[in-house]
Amino acid sequence: MTGPVPAAAADDPYQWLEEWTTPRAMEWVGAHNDVTVKRLTADPRYATLYDQALAIAGAKDRIPMPSFRNGEIYNFWQDETHLRGIWRKTSLADYRNFAPNWQTVLDIDALGKAEGKSWVWHGDNCLMPERRLCLINLSDGGEDAAEVREFDLATGKFVADGFHLPRGKHNIAWEDADHLLVATEWQPGELTTSGYAYVVKRLARGQSFAQAKELFRGERSDVSVDPQVLVDASGQRLALISRATDFFHRVTYVVAGDTVRRVAMPEKASIEELIGSNAIVRLDEAWGAIPAGSEAAVSLAQLMATPDRLTPTAVWTPGVRDALKSESASRNALVLSTLANVKGKMLLVKSGPGGWSTQALPFPENQSIDVVAPDRTGDQFFASAQGFTTPTTLYLVDAAKGSVDPVKSLPPKFNATGLVVDQFDATSSDGTKVPYFLVHRKDRPLDGNTPTLLNAYGGFQVSSTPVYSGVTGKLWLERGGAFVLANIRGGGEFGPKWHEAALKTRRQIAYDDFAAVAKDLIARKVTSPRRLGIEGGSNGGLLMGVEFTQHPELWNAVVIQVPLLDMIRIDKIAAGASWQGEYGDVNADPAVRAFWEKVSPYHQLKAGVKYPEPFIFTTTKDDRVGPQHARKFAAKMEGMGLPFMYYENTEGGHGSGADIKQSAKTNALTMTYLIQKLMD
């Protein structure tokens, strides 16, 4: 939304709160913020919680997560001195030292001050394979839209008269040093109904926007059209255009000069990596005899010559309880991060005369294992391992040797003595076993009196895995609370089928899964409705809204963060139309509309029901989900005389804050609420 909406319909008197930043909407926000902040900060525990959260977020002994750039190691760093952050560099040898000698490359705080902007770092996009020229993404206040500027790592400066794109939701790929493939809003209003670009042009160095040459035009009904250029260690390049017809289906095209040709492969598949003579394809549906959830390869030569006639070969196929999290590439190996019963593994996959071979790397058991920084020009890459009570360790992996060398470890951020992690299964409404992790004190009595915080996501094929959270540990677990992570359907913990089981009108099963975990915790006498709280954000915020309205008797605290809640007008708010592949189209499919009319949290609120008092959090600058859902939900509760707490950060984007102080405040407000509701 960029301006006022039509007059509110008679059955939606709070539709005026969809006005994004009009004075009357922001006046409502300010008034409700004041009430919540005054109430929670008056708690004598708030100040301690804030100080602890800020100390963790800005701690000097955090692992400075690395990336390979131009033969050196780069890191983006935020602390109390650098709230918006600095981009800095050192050598690989120096990085391995306890205290590297960092050199600042770009100071975002100083840049924002000099330009009078609330700049937030949104990452860099560097020209492969040397990664010297980079496109820097700067967001004003944290929204998804960003301004893009070219930066030269050799000079440490923005390139005079270099590539520069004004604020927008751009998708950009380096074709070569002097050409970009750009999807953006070339003409005012030239966006999909989801708010993303659908026209791709080639922009040459020195050209104006008006001079860029159009290569491809999708449809306004698409979610988006995006360029992609894959580069291997030798500098071999593969230019692609992906036309997303919904969130999960895409038509892929190969670009050769000014010619764009369609690639004949499943629409729930994507080309992710380029290794030598092979393009690596991630499959979320079967391709011939290769099952869904696998990795496949196609010959690069065949892809360029006959993209309409491809012969895929299987690279990796999952077992029954396996799932693929991510793939990346070094010079000679494909690196797969996988799950086995929601526990991490990392595999090296290499092509040889006998086909593809797989080697498991020797990482610790029962942790989340992820690639942090690949280096396609060499065979070294960084990876991390972490668990709920095990601080993150960063490893330097040598893909040629298959060795795993610990480089840095995060010091403990909370006292984990006496804490244990169990994995249980709950039985859902259809008999399916739904796994969940429980972090708790080993000596806790089974009397149903443990304050317990239950979290899940359950959507978009995103896997929820163990994470070491200093904030959760220090502010919750140390105080005697238990933490639960539920692996409900809709996620990707067991591959595409686990996700598809909860798509569109089948989504109630994900909500049943979550309720089943809660009931299992109560049956095991871990906790009780009086001591059970739930928390989730974005799609997880929708989950919280549904559980709040469907099972108010099961919880005493509900944290609803940056949520989707009005599932009937979802396509009218921010980028909501882009998620119809996940939730269905209420305007085009009567069955979808009928489902959401019965399930949409905003529409299922009822006066006279004894709901727990929720904590509803959002941000004004969230241009992805939008703050409108949270505002309307709170306003409707208010109109019904129902209790709630509401807090809207005026910056931050689709997250907890634009800097570490804002995030610390959000965390402290949330934890104060949870402690009051579940521990007092």
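Residues numbered from 1 in each chain as written. Predicted model: local features only at pLDDT ≥ 70, side-chain atom pairs only at ≥ 80, totals over all residues. Heavy atoms only, no water.

(A) Up close: the overall build of the chain. Broken down by element type, the chain carries 14 helices and 37 strands. For 680 residues, the compact-globule estimate of 2.2 N^0.38 gives 26 Å, and the C-alpha radius of gyration of the chain, at 25 Å, lies within 12% of that figure. With the C-alpha coordinates aligned to their principal axes, the bounding extent of the chain is approximately 65 × 55 × 55 Å. Long-range contacts, defined as pairs at least 24 residues apart, comprise 58% of the intrachain contacts of the chain with a sequence gap of at least 6. A total accessible area of about 25500 Å² is found for the chain, and carbon and sulfur atoms account for 50% of it. Of the side chains in the chain, 73 bear a positive and 80 a negative charge, and the two mean positions are spaced by 3 Å. (Helix = DSSP H or I, 4+ residues; strand = E, 2+ residues; numbered from the N terminus. Rg over C-alpha atoms; globule rule 2.2 N^0.38 Å. Contact = heavy atoms within 4.5 Å. Areas by Shrake-Rupley, 256 points an atom, 1.4 Å probe, with all protein chains shown as cover. Lys, Arg positive; Asp, Glu negative; His and termini not counted. Charge placed at Lys NZ, Arg CZ, Asp CG, Glu CD.)

(B) Summary view of the state of the cysteines. Inspection of every chain in the model, using the stated rule, returns one disulfide. Disulfide pairing is shown between Cys126 and Cys134; the S-S distance is 2.0 Å. With the S-S dihedral at roughly 100 degrees, the linkage between Cys126 and Cys134 falls on the right-handed side. With respect to class, Cys126 is no different from Cys134; both count as buried. (Disulfide = S-S within 2.5 Å. Buried < 20%, exposed > 50% of the residue type's maximum accessible area, 1.4 Å probe, protein only.)

(C) How the structure looks around the sheet that holds strand β26 (residues 368-373). The strand order across the open sheet built from four strands is β26-β27-β28-β29, with neighbouring strands paired in antiparallel fashion. The open sheet is flanked by β26 and β29 (403-409), the only strands paired with a single partner. With strand direction ignored, the average angle separating the axes of adjacent strands in the sheet is 35 degrees. The sheet contact formed by strand β27 (residues 380-386) and strand β28 (residues 393-398) spans six bridges and is antiparallel. By the bridge assignment for β28, Ala383 is matched with Tyr395. (Pairing = 2+ DSSP bridges. Axes fitted to C-alpha atoms, helices over the stretch in contact; angles between N-to-C directions.)

(D) Local environment of the nonpolar core. One finds Leu454, Phe514, Val517, Trp555, Tyr583, Trp596 and Ile616 to be the most contacted residues of the largest nonpolar core, which totals 63 residues. If one sorts the elements of this core by residue count, helix α8 (residues 508-523) sits on top with nine residues. Residues within four places of Val517 in sequence aside, it is in contact with Ala426, Val434, Tyr436, Leu454, Val484 and Ala486. Membership of the second largest hydrophobic core comes to 51 residues, among which are Tyr50, Ala53, Tyr95 and Ile675. (Core = buried A, V, L, I, M, F, W, Y, C linked by side-chain atoms within 4.5 Å.)

(E) Representation of the sheet that holds strand β21 (residues 313-316) within the structure. With respect to topology, four strands assemble into an open sheet ordered β18-β19-β20-β21, the strand pairing being antiparallel. Each edge of the sheet is formed by a strand with only one pairing partner; in this case those strands are β18 (269-275) and β21. Across the sheet, the mean angle separating the axes of adjacent strands is 35 degrees when strand polarity is ignored. Direction of pairing for strand β19 (residues 278-283) relative to strand β20 (residues 295-299): antiparallel, over a ladder of five bridges. Paired with Val281 across the bridge in β20 is Ala296.

(F) A look at the pairing of strand β2 (residues 72-77). Examined bridge by bridge, strand β1 (residues 67-69) and β2 share three bridges and lie antiparallel to one another. When the bridges of β2 are listed, Arg69 appears paired with Glu72. Relative to strand β3 (residues 86-90), β2 runs antiparallel, the two sharing five bridges. Looking across to β3, one finds that Asn75 is bridged to Arg88.

(G) A look at helix α13 (residues 628-639). If you check α13, its first and last C-alpha atoms are 16 Å apart, about what twelve residues at 1.5 Å a residue would give, namely 16 Å. Burial analysis of α13 places ten of its twelve residues in the buried class, which makes it a mostly covered element. Of all the positions in α13, only Gln628, His629, Ala630, Arg631, Lys632, Phe633, Ala634, Ala635, Lys636 and Met637 are classed as buried. Looking at the buried positions of α13, the neighbouring elements they touch are α1 (23-41), α9 (539-550), β35 (557-561), α12 (601-604), β36 (615-619) and β37 (645-649). Positive backbone phi, approximately 75 degrees, marks Gly641, located one or two places after α13. (Expected span 1.5 Å × (residues − 1).)

Just geometry here; none of it tells us what the structure is for.
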